[in-house]
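Working through the structure, step by step
Below are the chains, spelled out letter by letter.
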Amino acid sequence: MIADQNGSGADLSGLIGARTPAFTIGTAAQLLGVSQAFLRQLGVNGLLDPQRSAGGHRRYSQHDLGLASQARVLVDEGLSMDAACRIVTLQVELAYARAEIIQLHQQLDATTDERKPAADPDTSADPDTGDR
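Residues numbered from 1 in each chain as written. Predicted model: local features only at pLDDT ≥ 70, side-chain atom pairs only at ≥ 80, totals over all residues. Heavy atoms only, no water.

**Notes on the confidence of the model for the protein chain**
On average, residues of the protein chain carry a pLDDT of 85, and 77% of them reach 70 or more. Note on residues 3-8: pLDDT is under 50 here. Beyond four places in sequence and across chains, it has eight contacts. (pLDDT = per-residue confidence, 0-100. Contact = heavy atoms within 4.5 Å.)

Shown next, in the form of structure tokens:
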């Protein structure tokens, strides 16, 4: 959901993909309540790398807007642009690392389950009496 200047949000998830470069710099700035210069500076600091149209104009995706929104919150709290961009970048990297750890744990669990011998109900009986 993208917050607009009135604090309400526009849910665009059903209309376009999260990584589809659908927003011009003007529209992106308006949706986020920031200046176009703010968005350009996010690019200079390496947080955003918007795709370009055939005419060379920046096009932002929902994912880009989410990152920009996170950076804006940090800048509004008093952090420098550089620090805000670095924090958001590290948050994204951490989220990817956590997702990869979960995936690796699932693969390990599946491998471990495959290697466990199936319990044979007859092997638990006492060989002398046949009692369990």
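**Brief notes about the packing of helix α1 (residues 25-32) against helix α2 (residues 36-44)**
As a packed pair, α1 and α2 sit with axes 8 Å apart at the nearest point and diverge in direction by 105°. Here α2 runs roughly perpendicular to α1, going by the angle between their axes. Side by side, α1 and α2 meet where Ile25, Gly26, Ala28, Ala29 and Leu32 of the first sit next to Gln36, Leu39 and Arg40 of the second. Its residues assigned to classes, the contact of α1 with α2 comprises five nonpolar, two polar and one charged. (Axes fitted to C-alpha atoms, helices over the stretch in contact; angles between N-to-C directions. Helix = DSSP H or I, 4+ residues; strand = E, 2+ residues; numbered from the N terminus. Parallel < 35°, antiparallel > 145°, perpendicular 65-115°, else oblique. Nonpolar A, V, L, I, M, F, W, Y, C, P; charged D, E, K, R; others polar.)

**A look at the sheet that holds strand β4 (residues 51-52)**
Strands sit in the order β3-β5-β4 across an open sheet of three strands; the sheet is antiparallel. With one partner strand each, in any of the chains shown, β3 (23-24) and β4 form the two edges of the open sheet. Summarising the sheet, β3 and strand β5 (residues 58-60) pair through two bridges and their orientation is antiparallel. Across the sheet, Thr24 pairs through a bridge with Arg59, a residue of β5. (Pairing = 2+ DSSP bridges.)

**A look at α2**
Every buried residue of α2 is listed here: Phe38, Leu39 and Leu42. End-on, the buried residues of α2 take up no more than an arc of 100°, which puts them together on one face. Looking at the buried positions of α2, the neighbouring elements they touch are α1, β5, α3 (62-76) and α4 (81-115). Looking at the residues trailing α2, positive phi occurs at Gly46, about 85°. (Buried < 20%, exposed > 50% of the residue type's maximum accessible area, 1.4 Å probe, protein only. Arc of directions from axis to C-beta.)

**Re the nonpolar core**
Judged by nonpolar contacts, the single largest core of 22 residues is most densely connected at Leu39, Leu42, Leu47, Leu48, Tyr60 and Leu65. Those elements that provide at least two residues to this core are α1, α2, α3 and α4. (Core = buried A, V, L, I, M, F, W, Y, C linked by side-chain atoms within 4.5 Å.)

**Quick look at the environment of Leu47**
By secondary structure assignment, the location of Leu47 is in the loop between α2 and β4. Residue class for Leu47 comes out buried when judged on its relative accessible area of 11%. Taking the C-alpha atoms as reference points, Leu47 and Asp82, separated by 35 residues in sequence, lie 9.2 Å from one another.

**Here we look at the packing of α1 against α3**
Close contact between α1 and α3 brings their axes to 11 Å; oriented N to C, the two are set at 45°. In terms of orientation, α1 lies oblique with respect to α3. By crossing handedness, the relation of α1 to α3 is classed as right-handed. Together, Ala28, Leu31 and Leu32 of α1 and Leu65, Ala68, Ser69 and Arg72 of α3 make up the contact between the two elements. Taken together, the residues that form the contact of α1 with α3 break down as five nonpolar, one polar and one charged. (Left-handed = near helix turned anticlockwise from the far one by under 90°.)

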